[in-house]
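Here's the letter readout for the chains.
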Amino acid sequence: MVTSNNSISLSGMTSQSNAPLPNGYQLLNYRIDKQLSRGGFSLVYRAYDEHNNLVAIKEYLPSALALRKDGYSVEASSDDCQAVFRYGMRCFFEEGRALARIVHPNVVRVLNFFRANETVYMVMRYERGRTLQDQIQSHKDTINESFIRHVFGHLLNGLREVHTYKLLHLDIKPANIYLRATDGSPVLLDFGAARQTLTRDSPKLNPMYTPGFAPPEQYQGLDLLGPWSDIYSVGASIFSCLAGVAPQSADARLYEDKQESARKIWHGQYSDELLEIIDWCLRLDPQERPPSVFALQKVLIEEPKKVLEEPKNVRKKNFLMNLRETLGLGDR
Ligand SMILES: Nc1ncnc2c1ncn2[C@@H]1O[C@H](COP(=O)(O)OP(=O)(O)O)[C@@H](O)[C@H]1O
Ligand SMILES: [Mg+2]
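Conventions we followed
Residues numbered from 1 in each chain as written. Chains lettered and ligands numbered in written order. Predicted model: local features only at pLDDT ≥ 70, side-chain atom pairs only at ≥ 80, totals over all residues. Near = placed C-beta within 6 Å. Helix = DSSP H or I, 4+ residues; strand = E, 2+ residues; numbered from the N terminus. Domains from an automatic or database assignment. Pairing = 2+ DSSP bridges. Expected span 1.5 Å × (residues − 1). Buried ≥ 20, exposed ≤ 12 C-beta atoms within 10 Å, placed from the backbone. Arc of directions from axis to C-beta. Axes fitted to C-alpha atoms, helices over the stretch in contact; angles between N-to-C directions. Parallel < 35°, antiparallel > 145°, perpendicular 65-115°, else oblique. Left-handed = near helix turned anticlockwise from the far one by under 90°. Contact = placed C-beta atoms within 7 Å. Nonpolar A, V, L, I, M, F, W, Y, C, P; charged D, E, K, R; others polar.

## Describing the site of ligand 1
Inference 1: Around ligand 1 there are 16 residues in total, and S37, G39, V44, A56 and D190 lie nearest to it.
Inference 2: If you list the elements that add at least two residues to the shell around ligand 1, you get β4 (30–38), β5 (42–48) and β10 (119–125).
Inference 3: Split by domain, the shell around ligand 1 shows at least three residues from each of two domains, domain 1 (26–125) and domain 2 (129–326).

## Points about the sheet that holds strand β3 (residues 26–27)
Inference 1: Here we have six strands laid out as an open sheet, ordered β3-β4-β5-β6-β10-β9, and antiparallel in their pairing. Looking at which strands have only one partner, the edges of the open sheet turn out to be β3 and β9 (110–116).
Inference 2: In the sheet, β9 pairs with β10 via six bridges, with the strands oriented antiparallel. Paired with N112 across the strands is V123, a residue of β10.

## With respect to helix α1 (residues 79–100)
Inference 1: In this model α1 runs 32 Å from its N-terminal to its C-terminal C-alpha over 22 residues, within 8% of the 32 Å that 1.5 Å per residue would give.
Inference 2: Within α1, burial applies to C81, V84, F85, G88, M89, C91, F92, E95, G96 and L99. Projection of α1 onto a plane perpendicular to its axis shows the buried side chains occupying an angular sector of 165 degrees, all on one side. Exposed positions of α1 whose direction lies more than 90 degrees from the buried face are D79, R86 and R97.

## Some thoughts on the packing of helix α3 (residues 145–164) against helix α5 (residues 227–243)
Inference 1: The interhelical angle for the contact between α3 and α5, taken along N-to-C directions, is 160 degrees, at an axis separation of 12 Å. In terms of axis orientation, α3 runs roughly antiparallel to α5. Where α3 crosses over α5, the handedness of that crossing is right-handed. Packed against α3, whose contacting residues are I148, F152, L159 and H163, the element α5 presents P227, D230, V234, I238 and C241 at the interface.
Inference 2: Partitioned by chemical class, the residues of the contact of α3 with α5 number seven nonpolar, one polar and one charged.

If you want it as structure tokens, here you go:
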């Protein structure tokens, strides 16, 4: 379970958080500029490469399993954790290797990955912008139907590419969708496959499902996962663009489905087509969801038959004007 400070609870105990690498630290050819974020499995830094270009570097550092010694190197926090820590590192490495093959404008570009400090680092192209989650939280008024169709229509190009490589994302949610400051185009970040394998094979780690975005089959057994699982998470992400929060978590839905249909909640505020798309993706039975990402994309980018007026609290500006205004300013 991810706690509020993003550490993982380990059999009831909360692990201490490890210090990040210090600013200015030289990691092979890269100079750490600052820490960008800390998750339960990794830390992300902004850094400069040898040509002074910005990159983002992700460090494998599962807080429940590992400690940073002497300020830099990482080791398993106990003998018991050793095997799982090593196994997780291998998965992280494999994830980096798989991702490095994908070159697509809507998928984060992996530039390099290497071992150092007794752990693994993944170097990515640095993207300026903000996550869709930040956008929902701080600029909800920009999130109208055309924004949603535009962002997800493009994002699905990236997801199709991912699936072409026989990979699944397994952690699609607004916090893992980045919107570029330059043109608002979306980038898929943070592939969860390593975490999935790690939590499956380690009874010590509580599962890393993100409640509300994970499909029911993610609670039922990994052999049930497929492209339809990412499709559920896309539906949950679109839902949260409208609602500001995720739908009811799928494990609770399996027990007692209290999730009202999007069609009912927002009837008259968005096109019927968009609301039906959300409900279609969020079907508990994978076979009742869109049959492929391509099929989903096709309906998503089609113009709705009847263009509805935007909800009254939405400013009458077009999508690009809104995005430029809200994204173009920040430099993160
Ligand atoms: N390539 C990147 N460019 C810029 N920022 C990034 C990049 N990758 C990650 N980040 C930043 O780090 C945060 C966490 O990254 P993410 O890959 O989602 O890791 P996790 O959620 O496992 O900590 C992102 O929300 C974003 O702010
Ligand atoms: Mg993330």
